[in-house]
Amino acid sequence: MAANPKPAVPPSQSYQTLRADRLTPTIGAVLSGIDLSQPLTAQQIADLNQALADHQVIFFRDQQLDPPSLKRVGQYFGELQIHALQGLPDHPEVRKLQADANSKHVAGEEWHTDMSCATIPPMGSILYLHTLPTMGGDTVFASMYAAYDALSDRMKAYLEGLTATHDGKLAFGRFNPDGKFPVAVHPVIRTHPVTGRKVLFVNKGFTARINEVPEAESAAILQFLFHHCENAYFQVRFRWEPHSVAFWDNRCTQHLAIWDYYPQLRSGFRVQIADKGGPKESA
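Residues numbered from 1 in each chain as written. Predicted model: local features only at pLDDT ≥ 70, side-chain atom pairs only at ≥ 80, totals over all residues. Heavy atoms only, no water.

- Looking up the protein in an unreviewed UniProt entry gives the name TauD/TfdA family dioxygenase, with the organism given as Steroidobacter gossypii.
- Turning to the protein, the UniProt record has this under Sequence similarities (unreviewed entry): "Belongs to the TfdA dioxygenase family." (UniProt positions renumbered as here; feature names shortened; annotations may be inferred.)

What follows is the structure, encoded as structure tokens:
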């Protein structure tokens with residue numbers, strides 16, 4: 001038994017208009033008592049914002065959504081940000097996600113933070129899946145609060161003040177080899193604008209190099225950090241069911257879509273919500 005055991009984490013948390021049942025002590029909760037297909041009240045929106053801050057990624061079951069209603073849900077939390085890859089013709093803010101027997105690649109099959117290659121990456125993303133394979137197709141989310149907290153004090157001190165280049169071609173080049181994708185520079189350690197907690201902000205999908213050190217040193221440090229971020233103790237694995245929703249805070253999480261269901265169909269829609277500020281260095 002640990003000399004200084006951590007206090008027990010309550011398995012559930014009640015808000016005024018909904019309930020959150022934790023999936024792990026570190027990250028993730030399933031919310032109940034809310035119907036996203038209906039207009040939301042100010043209190044429901046406030047509770048959802050608080051639940052997202054508390055749990056980093058929140059999940060919903062048995063929701064009946066379509067592109068217009070998914071857009072409406074996203075717009076409660078900010079302006080919708082158009083993805084680097086093509087959206088729907090009638091709803092450019094909505095991106096269709098579908099994998100089937102004809103797919104050569106699927107979105108998100110490597111650990112990543114959504115669109116960290118953008119000058120201001122999205123605050124969050126909301127994914128609705130209506131069609132699932134008979135087995136598989138889970139999404140794994142990892143807490144970058146936990147990843148930062150688990151670093152040694154010496155590594156934290158080393159990383160403070162460093163910046164990294166995030167290149168969209170690393171993630172999107174396979175879908176469109178001739179495409180022109182965003183490139184941006186962000187602090188390696190950022191401070192979450194709502195919680196004030198420090199976050200490790202590099203990811204295998206987009207981060208190309210650390211800028212202030214030699215190339216060989218950058219490659220070695222990034223390899224360590226990518227591996228560190230994949231620690232199972234930082235994760236929650238969500239098992240999708242038809243008409244489930246995941247809403248994650250892109251500023252403090254990474255995720256991985258597991259493509260273990262080929263050639264079956266997995267299909268749905270996603271929106272991403274713009275961040276008002278963007279990554280800031282830790283104070």
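We are not done yet, so read on.
### Observations concerning the overall build of the protein
Okay, step 1: Assigned secondary structure in the protein consists of six helices and 16 strands.
Okay, step 2: The globule rule puts the C-alpha radius of gyration for 283 residues at 19 Å, and the 18 Å found for the protein is close to it.
Okay, step 3: Dimensions of the protein, computed from the C-alpha atoms along their principal axes, are close to 55 × 50 × 35 Å.
Okay, step 4: When the 283 residues of the protein are sorted by exposure, 54% land in the buried category.
Okay, step 5: The contacts in the protein between residues at least 6 apart in sequence include a share of 80% that link residues at least 24 apart.
Okay, step 6: For the protein, the computed accessible surface area is about 13,200 Å², with 53% contributed by carbon and sulfur atoms. (Helix = DSSP H or I, 4+ residues; strand = E, 2+ residues; numbered from the N terminus. Rg over C-alpha atoms; globule rule 2.2 N^0.38 Å. Buried < 20%, exposed > 50% of the residue type's maximum accessible area, 1.4 Å probe, protein only. Contact = heavy atoms within 4.5 Å. Areas by Shrake-Rupley, 256 points an atom, 1.4 Å probe, with all protein chains shown as cover.)

### Topic: the nonpolar core
Okay, step 1: By size, the foremost hydrophobic cluster in this structure holds 29 residues, and its most contacted members are Leu159, Val188, Leu200, Val202 and Leu225.
Okay, step 2: Of all the secondary structure elements, the ones that give two or more residues to this core are strand S7 (139-143), helix H3 (144-149), helix H4 (153-159), strand S11 (198-200) and helix H6 (215-229).
Okay, step 3: Not counting the four nearest positions on each side in its chain, Val202 is found in contact with Ala164, His166, Val188, Thr207, Leu222, Leu225, Phe226, Cys229 and Gln254.
Okay, step 4: Grouped together as the second largest cluster of nonpolar side chains are 28 residues, Leu52, Leu65, Ile126 and Tyr128 included. (Core = buried A, V, L, I, M, F, W, Y, C linked by side-chain atoms within 4.5 Å.)

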